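Close look at the chain arrangement
The residues making up each chain are set out below.
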Amino acid sequence: MTNLKVGDKAPTFEGVNQSGEKVALKDFEGKKLILYFYPKDNTPGCTAESCNLNDNYDAWLAKGFDVVGVSPDSEKSHQKFIDKFGFRFNLIADTEKEILESYGAWGEKSMYGKKYMGVLRKTFVIDEKGVIQEIFEKVNTKDHTNQIINTLNL
């Protein structure tokens, strides 16, 4: 499994968003990026996290950040999720789990004593030069915006 740390160059990626359009790390050169990995559209924690980032999207843009979510759900699932909650940022459909794996966000999980492979909820803050500024492995889904702001002293 990939073990990225602060100061590492962010792995390049290219995926497809909810509209079937390509989205790549290089699209954000010169901007800061909040790249968050979440398990599943329309589940309570993932909805809370996505809504929190979306509710503060104008503030993120004003601070020079863009936001992109990644999960193994399909384009169609992402479009329904966006339509339901009005998200204004891209969600990448990583059905092959290539981006998830390159960021170490796919791995072994455990529930009720059973081990299985799944999405490890993580957020990466990437600077204008593509360098990882911060990694959140314990995400506060209900107040992720303030968690990021307070950690980065923004």
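Residues numbered from 1 in each chain as written. Predicted model: local features only at pLDDT ≥ 70, side-chain atom pairs only at ≥ 80, totals over all residues. Heavy atoms only, no water.

With six bridges connecting them, strand 6 (residues 106–111) and strand 7 (residues 114–119) associate as antiparallel partners. Note that in strand 7 the partner of tryptophan 106 across the bridge is valine 119. Hairpin connection of strand 6 to strand 7: two residues between the antiparallel strands, including tyrosine 112 at a positive phi of 55°. (Pairing = 2+ DSSP bridges. Helix = DSSP H or I, 4+ residues; strand = E, 2+ residues; numbered from the N terminus.)

A few words now on the packing of aromatic side chains. Think of a pair of aromatic rings as described by two things: how far the centres are apart, and how the planes are tilted against each other in angle. What the rule picks out here adds up to 13 aromatic pairs. Ring plane angle 70° and centroid distance 6.3 Å describe the contact between phenylalanine 13 and tyrosine 103, whose orientation is recorded as edge-to-face. Highlighted residues: phenylalanine 13 in the segment before strand 1 (14–17) and tyrosine 103 in the loop between helix 4 (98–102) and strand 6, separated in sequence by 90 residues. Just as phenylalanine 13 is buried, tyrosine 103 falls in that class too. (Phe/Tyr/Trp six-rings, centres within 6.5 Å; stacked < 30°, edge-to-face > 60°. Buried < 20%, exposed > 50% of the residue type's maximum accessible area, 1.4 Å probe, protein only.)

Turning our attention to the pairing of strand 3 (residues 32–37). Most of strand 3 is tucked away, with six of its six residues classed as buried. Because side chains alternate across strand 3, one face comprises the buried residues Lys32, Ile34 and Tyr36, and the other comprises Leu33, Leu35 and Phe37, equally buried. Strand direction decides the pairing type here: strand 3 and strand 4 (residues 65–71), joined by six bridges, are parallel. When the bridges of strand 4 are listed, lysine 32 appears paired with phenylalanine 65. Where strand 3 lies against strand 8 (residues 122–126), five bridges are found, and the strand directions are antiparallel. Paired with phenylalanine 37 across the strands is lysine 122, a residue of strand 8.

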